[in-house]
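Topology and contacts: notes
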Amino acid sequence: MFQWIEEAREGSRGAQESLVRHFTGMALAVAYDKLQDPHLAEDAVQEAFTEAFANLHKLQDPRRFPGWFKVIVERQCYRDLRRKHFQMVPIHEVELPSEEQRSLESVVEKREMISKLHATIADLPSSMRIAVQLYYFQGYSLREISQYLDVSLPALKKRLFDARRKLKNTLHVADFVSVFTDLYEGGRRMLHIVNGDSVGDKLKQGNIQGDILVWRELYSFGPVFKRMDEPDHRRTRAQYLEQTLGIPQKEYIETCESQEGKLQDFRKYDEIVLWFEHDLFDQTMLAYLLHWFKEQSLGNTKLSLLCIGAYPGIELFRGLGQLSTEQLETLSGTWHEIGEEELMLGSRLWESYTSDLPEKHQHMLEMDSSALPFARDAFAAHLARLPSVNNGLGIIEQTTLEAVAGGTDKPHELFRKVGDQLHTLGMGDLEYWYYLAKMTQGSDPLLLIDGTEPFPDFKLSVPQFQDRVLQVTNRGRDILDGKVDYACTGMIDKWVGGLHVQGETPSWRWNPERKFVERTDNRTDCR
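Residues numbered from 1 in each chain as written. Predicted model: local features only at pLDDT ≥ 70, side-chain atom pairs only at ≥ 80, totals over all residues. Heavy atoms only, no water.

Below, the discussion takes up the environment of Lys-166. Position of Lys-166 among the secondary structure elements: in helix 9 (residues 153-170). With sequence-adjacent residues up to four places away left out, Lys-166 is seen in contact with Leu-124, Pro-125 and Met-128. (Helix = DSSP H or I, 4+ residues; strand = E, 2+ residues; numbered from the N terminus. Contact = heavy atoms within 4.5 Å.)

Put into structure tokens, the structure is as follows:
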């Protein structure tokens, strides 16, 4: 947020838009509390943002922006109150959900229930009323509200506790009690789907409202299929992951069934937010989930997406796992609703990525992917893993050999260097150890590694492994120099999405210069 403020001071329209998205909900809650009219509240907030951006140079400490902006909103509301006489419009009239496929009776019942709820909340003291609106209806975290209202966290928690107690004493009818229960669980029923346990744990710690589902898959490695839930496909993938990464088949299958079971219950949520980032690891997960949701009838469930490739103050952004709990909280509410265009594109990307036809993979770089702006670079990195037309090496093997030849000869240092250089892949350590191990195997390997400690896998931690030393073999140098084709070693056997690449004569190669998949017509000369 602080970076947005600094950039907005310099006139950055993008930074101003980020601040508008983040603070609009807060500002509307305060403005409506003063004006009691949603349209006038929207006008006041727009005027307040204009005034704030015009005077942002006067704000000496960016950390005081939330409270400073709240004062501007309140001042604008007082101006409107002095010069306008207006007719009140109940907030429940603009908050009613869509009436599609609803009976007249259910609409009337819902209207009465919401009217009663908001009338009850309107009777709360102003300090409690604003806290309830911001926390339960707008979805801001306690920390954000504390900064915006300029009250301590303990005081804010006391306000919400007292508000809940007053509401409990007022909402006696069973239906209203259920409405209160929804509020108590975090306003709208939300499900956040995230890309790793680290992100999931931080969201739980950081007052993000709703349930968390960590999507534990590695679609960027091993065989993948259009229908991942088919038993034969799942068994094939489970066997491969156990053989290569040491992930037990039983554990993998149970994890898949558990997370897919939770996904099947998506209709119990009002909103599902997908938290992903720019790299191939995440973009394949995002494509799969968009493909899956495209096949469902969403009903009244709203799909939203938060997908980023950078964060203010972080020079090399590798992923959401780098962010602290507080930094993740600043992203709350900055997601946008997923539309038909994103669902269609995600589904097309997944179908191409899982195809066994190379031309389908090439098509991913040719389709209009602007609806998912990180997709093209991620899937270009995916195709760069195919054997190169120059020497048969994929981008991972090529970058590894270059790094070792340049003096980076310890495994963990090598993983960090290659990972930073190929960060668009989002490659994890287990995946990289597999590639590295393959390069040390065979009768004429690319790399030599000293010692006898095994490579780490899913179950095995090897502390001494970090001290092993790598060096490029003569064969490895010849391949780097383009004198020998790596395919001639007979060691190519890997999955690149839905493509199983193996043998001495792979018929499709990646051209790094043209960024294009080319047919080789089996002309590799291994004499």
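Back to the text.
Summed over the entire model, instances satisfying the criterion amount to 14 salt bridges. The closest approach of N and O atoms between Asp-232 and Arg-235, which form a salt bridge, is 2.3 Å. With a gap of three residues between them, Asp-232 and Arg-235 both fall in helix 12 (residues 231-245), about one helical turn apart. Assessed through its relative accessible area of 42%, Arg-235 is described here as partly exposed. Residue Lys-494 is joined to Glu-397 by a salt bridge in which the shortest nitrogen-to-oxygen separation is 3.3 Å. Placement of Lys-494 in strand 8 (residues 493-496) and of Glu-397 in helix 19 (residues 395-405) is noted, with a sequence separation of 97 residues between them. Taken as a pair, Lys-494 and Glu-397 share a single burial class, namely buried. (Salt bridge = Lys/Arg side-chain N within 4 Å of Asp/Glu carboxyl O. Buried < 20%, exposed > 50% of the residue type's maximum accessible area, 1.4 Å probe, protein only.)

With that settled, consider the packing of aromatic side chains. Counting across every chain of the model gives 24 aromatic pairs. A centroid spacing of 4.9 Å and a plane angle of 55° characterise the contact between Phe-455 and Phe-465, whose relative ring orientation is tilted. Pair noted here: Phe-455 is in the loop between strand 6 (447-449) and strand 7 (470-472) and Phe-465 is in the loop between strand 6 and strand 7, with a separation of 10 residues, a long-range link. For the pair Phe-455 and Phe-465, a shared accessibility class is recorded, and that class is buried. The structure contains a cluster of three or more aromatic residues connected by ring pairs, namely Phe-23, Phe-49, Phe-53, Phe-65, Trp-68 and Phe-69. (Phe/Tyr/Trp six-rings, centres within 6.5 Å; stacked < 30°, edge-to-face > 60°.)

Geometric descriptors of this kind do not, in isolation, establish any biological role.
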